[in-house]
Amino acid sequence: MDVGRLMIYVRSIVSANFTSESLVWALAGPRGPEWKHAFVPIQPNGRYQIIIEGVRGKSFEGDVAVDDIGVLQTESCKLQPFEADPAEVSQALVTCRFEEDFC
């Protein structure tokens, strides 16, 4: 299967003319046919939006699905799965060579 990536951003709404987005969770590649749990710790200041972005792979054979989303106020939320750390995925994208493939 060829699955692209799933990313979650938090968009902070500072004013009517200014917003900023932060990548808070990212996962790429196939994860198997079973449903998986994921947790994303966010710490917004003021108004915010949560953006879920799916990027398809190179073919039609990979699917991405999102279900049962909740927003909870808690002190104990930790990133899950740990490999969804946006710093890790960002590094993988930086090492992408478009001369060789489409990543």
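- As annotated in an unreviewed UniProt entry, the chain carries the name MAM domain-containing protein and comes from Rotaria socialis.

**A word on the sheet that holds strand 2 (residues 18–28)**
- Overall, antiparallel pairing links the 3 strands, which are arranged 2-1-3 in an open sheet. The open sheet has two free edges, formed respectively by strand 2 and strand 3 (48–55), since each of these has just one partner strand. The average undirected angle you get between the axes of adjacent strands in this sheet is 20°.
- Pairing geometry for strand 1 (residues 5–15) and strand 2, over 10 bridges, is antiparallel. Looking at the pairing, Ile 8 lines up with Trp 25 of strand 2.

**Digging into the environment of Ala 87**
- Tracing the sequence through the fold places Ala 87 in helix 1 (residues 86–94).
- Taking relative accessible area as the criterion, Ala 87 reaches 49% and is therefore assigned partly exposed.
- The spatial distance from the C-alpha of Ala 87 to the C-alpha of Trp 25 is 9.0 Å, given a sequence separation of 62 residues.

**Re unusual backbone geometry**
- The linkage connecting Gln 80 with the following residue, Pro 81, adopts the cis geometry, with an omega of -10°.
- Relative to the helices and strands, Pro 81 is located in the loop between strand 3 and helix 1.
- A positive phi angle, close to 55°, is found at Asp 68, a residue other than glycine.
- By the secondary structure assignment, Asp 68 is in the loop between strand 3 and helix 1.
- Judged by its relative accessible area of 74%, Asp 68 falls in the exposed class.

**Here we look at the pattern of salt bridges**
- For the coordinates displayed, the defined rule picks out 3 salt bridges.
- A salt bridge links Arg 11 to Glu 21; the nearest nitrogen and oxygen atoms lie 2.5 Å apart. Residue Arg 11 is found in strand 1, and its partner Glu 21 is found in strand 2; the two are separated by 10 residues along the sequence.
- Among the residues examined, Arg 11 registers a relative accessible area of 26% and is labelled partly exposed.

Quick notes on the rules
Residues numbered from 1 in each chain as written. Predicted model: local features only at pLDDT ≥ 70, side-chain atom pairs only at ≥ 80, totals over all residues. Heavy atoms only, no water. Pairing = 2+ DSSP bridges. Helix = DSSP H or I, 4+ residues; strand = E, 2+ residues; numbered from the N terminus. Axes fitted to C-alpha atoms, helices over the stretch in contact; angles between N-to-C directions. Buried < 20%, exposed > 50% of the residue type's maximum accessible area, 1.4 Å probe, protein only. Salt bridge = Lys/Arg side-chain N within 4 Å of Asp/Glu carboxyl O.

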